[in-house]
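This is what each chain is made of:
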Amino acid sequence: MSFIKNIYHQAVSGTRHLGKMSLFLINVASSIPKKKVEGYQIILQTYYIGAQTISIIVLSALFVGSVLAIQGNYILGMFAATDQLGQFVALSVFRELGPVITALLFIGRSGSTITSEVGIMKLTDQINALKSMNISISKYILFPRFISAIISLPLLTMLFNAFSIVGAYIISHYSLRLDTGLFLISIHRYVSFWDDAMAGLFKTLFFGTIAATIALYYGINSSNSSPGVAEASTKTVVYSSIVVLLCDYILTSMLMRLW
Amino acid sequence: MNTPLIQAKNLHIYHDSQCIFRNIDITIEANKTTAFMGPSGVGKSSLLQVLSGQKKQRSGKILHTNKANTQPLKTGILFQNNALLLHLTVFENVALPIRYHFQLPEELVHELVMMKLHAVNLAHACELYPEQLSGGMSRRAAIARSIALDPNIIFYDEPFAGQDPINAESIAKLIKKMNTYLDATSIIITHEVHLTLQLADYIYIFDKQRIASQGKPKEVLQDDNAFVRSFLSPNINNRSVNN
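Here's what I pulled together on the structure shown here. (Residues numbered from 1 in each chain as written. Chains lettered and ligands numbered in written order. Predicted model: local features only at pLDDT ≥ 70, side-chain atom pairs only at ≥ 80, totals over all residues. Heavy atoms only, no water.)

Side note on the overall build of chain A
Now for step 1: Within chain A one finds nine helices and zero strands.
Now for step 2: Seen through its principal axes, chain A has C-alpha atoms that stretch 65 × 55 × 35 Å.
Now for step 3: With 259 residues in all, chain A has 46% of them scored as buried.
Now for step 4: Entry remark: accessible area of chain A is about 13000 Å², with carbon and sulfur atoms responsible for 69%. (Helix = DSSP H or I, 4+ residues; strand = E, 2+ residues; numbered from the N terminus. Buried < 20%, exposed > 50% of the residue type's maximum accessible area, 1.4 Å probe, protein only. Areas by Shrake-Rupley, 256 points an atom, 1.4 Å probe, with all protein chains shown as cover.)

What follows is the structure in structure tokens.
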């Protein structure tokens, strides 16, 4: 009985958070900055959230591409189809791995940063100080981070996609000794820009919205203590990752029917 | 009593479900320095939050009246931990409220900010970040930011906390200077008795959800209340006080 009660309470609490988060999302998304100072924050946050994540994305993409090339070569080798390696890597990355891995890396790096930064601002009274100066928290703190995440994630995904192909190309040429001409031709012939690359990038708009909303929500609602901020960062990473994967499943199912 | 700037009547203040103040009346006179004193945890900061509009009282009325009686009261707040924005320099911290609320040419913003920083003797540190400042410098930078918009009333939450005696003394002088030059009203929350007796025009001493004593420094010093006497005792004798 207590087990059922526990599940019931968890479900109620989860639904309440979901409701609050939806209202929070509407509030943040509608707080469009009108002042120059707020607009400048968007550029600044895009640099912090997006540009400073580039090195992690590029490095990870090179390794993911390399691993895909090795695994692809093994699997395709069973069917004597190693000339399709380029297509195999590109389709895997563009349609699925690129958007999802970039989103997960982004959550780990920028999502947790957003939560800790906002949580610490709250903990050290910086948020109260801004309020006391009649500065809108939604417009000055929340919206710039929110929109920067939505702008950054598709751009980072493009980078991830490109460097995965580079990684796979390098491995297929120098390690697997495959014909790189065939590698590139199979990509050119079988990978569609609209159906494959754009479908993946389309998903990142949702992933960016999810990552930013959860990060900001837990940051601004973190309790006023160091463990509270740490807990909020952990929640951001865990919940964002799960919701992104769930959203990926839903979007992929829908896109496969539409496209 | 002169013109009251803030009048609070029958205030009941709660923190979560715990009652902090029960049915207290506070009057803040214009262009004077009023100090709220009392032991730690008595709820002075909560009272400041209520009076500055950061927090709502459970019941009671707070009336704000400024000179012209037409514009809303402009407030500046000095937070206990300074609350400077860590990603901005001292200059940017002070410039932020000015840039946010007014569309002024950058030269004018620079001039205004440097004027505030000169007032707190911090012009030389304008390019430093909060993490590069000493405790006293951070406090002065926070004071400069709190006066950036030329407020009618400035709330100081524990301005002397964590400061050495020389720094505390210079901050007390700075508060006095701000009152004079800005024609502002100050509310100070502190348990630094010695400096407060010199600085304040009116003092409220709180104990257990109520006002234990109130009056001019001399009147408070002559209070017979046992709690007030024990709270002020190390400072009662041989100290200069503000009449």
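Side note on the interface of chain B and chain A
Now for step 1: If you look at the interface, chain B gives 18 residues, while chain A gives 18 residues.
Now for step 2: Taken together, both faces of the contact between chain B and chain A bury some 1600 Å²; the carbon and sulfur share is 62%.
Now for step 3: Considering only the surface of chain B that becomes buried against chain A, His87(B), Leu96(B) and Tyr100(B) emerge as the three largest contributors, covering 38% of it.
Now for step 4: Connecting chain B to chain A are zero salt bridges.
Now for step 5: Linking chain B with chain A are five residue pairs in polar contact (both at pLDDT 80 or more), by the criterion used here.
Now for step 6: At five residues, the largest contribution of residues to the side of chain B that touches chain A is made by helix α2 (residues 90-101) of chain B. (Contact = heavy atoms within 4.5 Å. Buried area = accessible area lost by both parts, 1.4 Å probe. Salt bridge = Lys/Arg side-chain N within 4 Å of Asp/Glu carboxyl O. Polar contact = N/O pair within 3.5 Å; in protein donor to acceptor, adjacent residues only side chain to side chain.)

Some details on a nonpolar patch on the surface
Residues and elements named next belong to chain A.
Now for step 1: A cluster of nonpolar side chains, Tyr74, Ile75, Met78 and Phe79, forms an exposed patch at the surface whose accessible area comes to about 490 Å².
Now for step 2: Along the chain, the position of Phe79 falls in the loop between α3 (54-78) and α4 (85-123).
Now for step 3: The exposure class assigned to Phe79 is exposed, which follows from its relative accessible area of 63%. (Patch = residues over 30% accessible without salt bridge, like charges linked within 9 Å, V, L, I, M, F, W, Y side chains within 5 Å.)

Re the side chain of Ser60(A)
Residues and elements named next belong to chain A.
Now for step 1: Structurally, the position occupied by Ser60 is in helix α3.
Now for step 2: For Ser60, a relative accessible area of 18% translates into the label buried.
Now for step 3: Within the structure, the side chain of Ser60 is placed 2.7 Å from the backbone oxygen of Ile56, a separation counted as a polar contact.
Now for step 4: The residues touching Ser60, leaving out its near neighbours within four places in the chain, are Leu105 and Phe160.

Quick notes on the sheet that holds strand β8 (residues 202-207) of chain B
Residues and elements named next belong to chain B.
Now for step 1: Taken in spatial order, the six strands make up an open sheet running β5-β6-β7-β3-β8-β9, and their pairing is mixed. Across the chains shown, the open sheet's two edge strands, defined by having one partner strand only, are β5 (75-78) and β9 (210-215). Recorded for the sheet is a direction-independent mean angle of 15° between the axes of neighbouring strands.
Now for step 2: Pairing of strand β3 (residues 33-37) with β8, which is carried by four bridges, proceeds in the parallel orientation. Each residue of the ladder has a partner; that of Met37, found in β8, is Ile205.
Now for step 3: In this fold helix α4 (residues 135-146) packs onto β5 and β6 (153-157), with an angle of close to 170° to the strand it touches most, β5. (Pairing = 2+ DSSP bridges. Axes fitted to C-alpha atoms, helices over the stretch in contact; angles between N-to-C directions.)

Describing the environment of Thr82(A)
Residue and element names in this part refer to chain A.
Now for step 1: Along the chain, Thr82 turns up in the loop between α3 and α4.
Now for step 2: Judged by relative accessible area, which is 28%, Thr82 ranks as partly exposed.
Now for step 3: Excluding residues within four positions of it along the chain, Thr82 makes contact with Asn73, Leu76, Gly77 and Leu178.

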